[in-house]
Amino acid sequence: MGSAIAVNHHNFATEVLEKSHQKPVLVDFYATWCGPCKMLAPMLERLVQEYDFVLAKVDIDENPDLAQTYGVQGVPDVRVAIAGEMKEGFVGVLPEAQLRQLLEGLNLQSELDVALEGIYQQAEKGNIEVAQATLNELRQRYPDHRRLILEAANFYLETGQLETAEDLLLKIQEYEKDYFPKAKLLKALIFFKRTSTETEPASDLDRTFQTAAQRVLQEDYQAALDTLLEIVGKDRVYRSDGARKAMLSVFDILGDDHPLTKEYRKKLMMALY
């Protein structure tokens, strides 16, 4: 885990240039009136919790001399200090994925990634309780970390803890475009897993619907879609239009550009109209 500090012309040499001999320092030149700065700041603050670097924040209105010294013309302007030298970084707001690439290019490794890899290894060995204990510790350290929420929900899905997985995914909202598609996919898989394990199907359609869910989990998507389309043709009101909704969930899993999605969207439209 790194650290964040507000920097001015009095402590810049100590907190930035000197510390950059020990670890990389990202210098965030920003302004309080700057909208993009407000978008970038929380991303940098999340990343400094994962990666071992110093985040030095410089308000250009309070420190115009530093802004002038380093030729800052627009904000946010992020520079990188290494071994006492200031190097170019980027101007504006980058997606979080590109920020991670920048940090990895500085030979920094995410503590969260290392911990998650350990969890995967424990799970592969069958040490599910150990893996879950480590995962719970991570969730306490990073309670709102979106990628961790998705990884944890997937873990709970794989271990049959469906309600826990669902509760976690509620935290991710539709406007979070970097994370919501994966959350939507996991919700679909939870639905199919729950359906596939229903113990007492009450009718032939229930059994057919359960078969479709099992085929989804087996990744036999075409057979699943054929089965669901059959139900749509027989009974539109079954489970409150459940077969059609299930087909849409399969489309979410496959993605809009998948050939099966394109083919079966047309077949679904023909069946409905």
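Residues numbered from 1 in each chain as written. Predicted model: local features only at pLDDT ≥ 70, side-chain atom pairs only at ≥ 80, totals over all residues. Heavy atoms only, no water.

A. The packing of helix α6 (residues 128–141) against helix α7 (residues 146–158), seen in detail. Running from N to C, α6 and α7 cross one another at 155°; their axes reach a closest spacing of 11 Å. In terms of axis orientation, α6 runs roughly antiparallel to α7. Here α6 runs over α7; the crossing is left-handed. Seen from α6, the contacting residues are I128, A131, Q132, L135, N136, L138 and R139; seen from α7, they are L148, A152, F155 and Y156. A per-class count over the contact of α6 with α7 returns eight nonpolar, two polar and one charged. (Axes fitted to C-alpha atoms, helices over the stretch in contact; angles between N-to-C directions. Helix = DSSP H or I, 4+ residues; strand = E, 2+ residues; numbered from the N terminus. Parallel < 35°, antiparallel > 145°, perpendicular 65-115°, else oblique. Left-handed = near helix turned anticlockwise from the far one by under 90°. Contact = heavy atoms within 4.5 Å. Nonpolar A, V, L, I, M, F, W, Y, C, P; charged D, E, K, R; others polar.)

B. Region of the structure containing α6. The first and last C-alpha atoms of α6 sit 20 Å apart over 14 residues, in line with the 20 Å expected at 1.5 Å per residue. For α6, the complete set of buried residues consists of A131, L135 and L138. The arc that holds the buried residues of α6, viewed along the axis, is 60°, so those residues lie on one side. The outward face of α6, more than 90 degrees from its buried face, is lined by the exposed residues E129, E137 and Q140. Elements in contact with the buried residues of α6: α5 (111–124) and α7. (Expected span 1.5 Å × (residues − 1). Buried < 20%, exposed > 50% of the residue type's maximum accessible area, 1.4 Å probe, protein only. Arc of directions from axis to C-beta.)

C. Broad picture of the state of the cysteines. This model, assessed by the stated rule, comprises one disulfide. Disulfide pairing is shown between C34 and C37; the S-S distance is 2.4 Å. Judged by the sign of its S-S torsion, about 85°, the cystine formed by C34 and C37 is right-handed. Looking at C37, the relative accessible area reads 4%, which means it is buried. (Disulfide = S-S within 2.5 Å.)

D. A look at the side chain of Q210. Within the secondary structure, Q210 is located in helix α10 (residues 204–217). Overall, the relative accessible area of 11% leaves Q210 in the buried class. A polar atom in the side chain of Q210 sits 3.4 Å from the backbone oxygen of S196. Discounting residues that sit within four places of it in the chain, Q210 has contacts with T195, S196, T197, E198 and P201. (Polar contact = N/O pair within 3.5 Å; in protein donor to acceptor, adjacent residues only side chain to side chain.)

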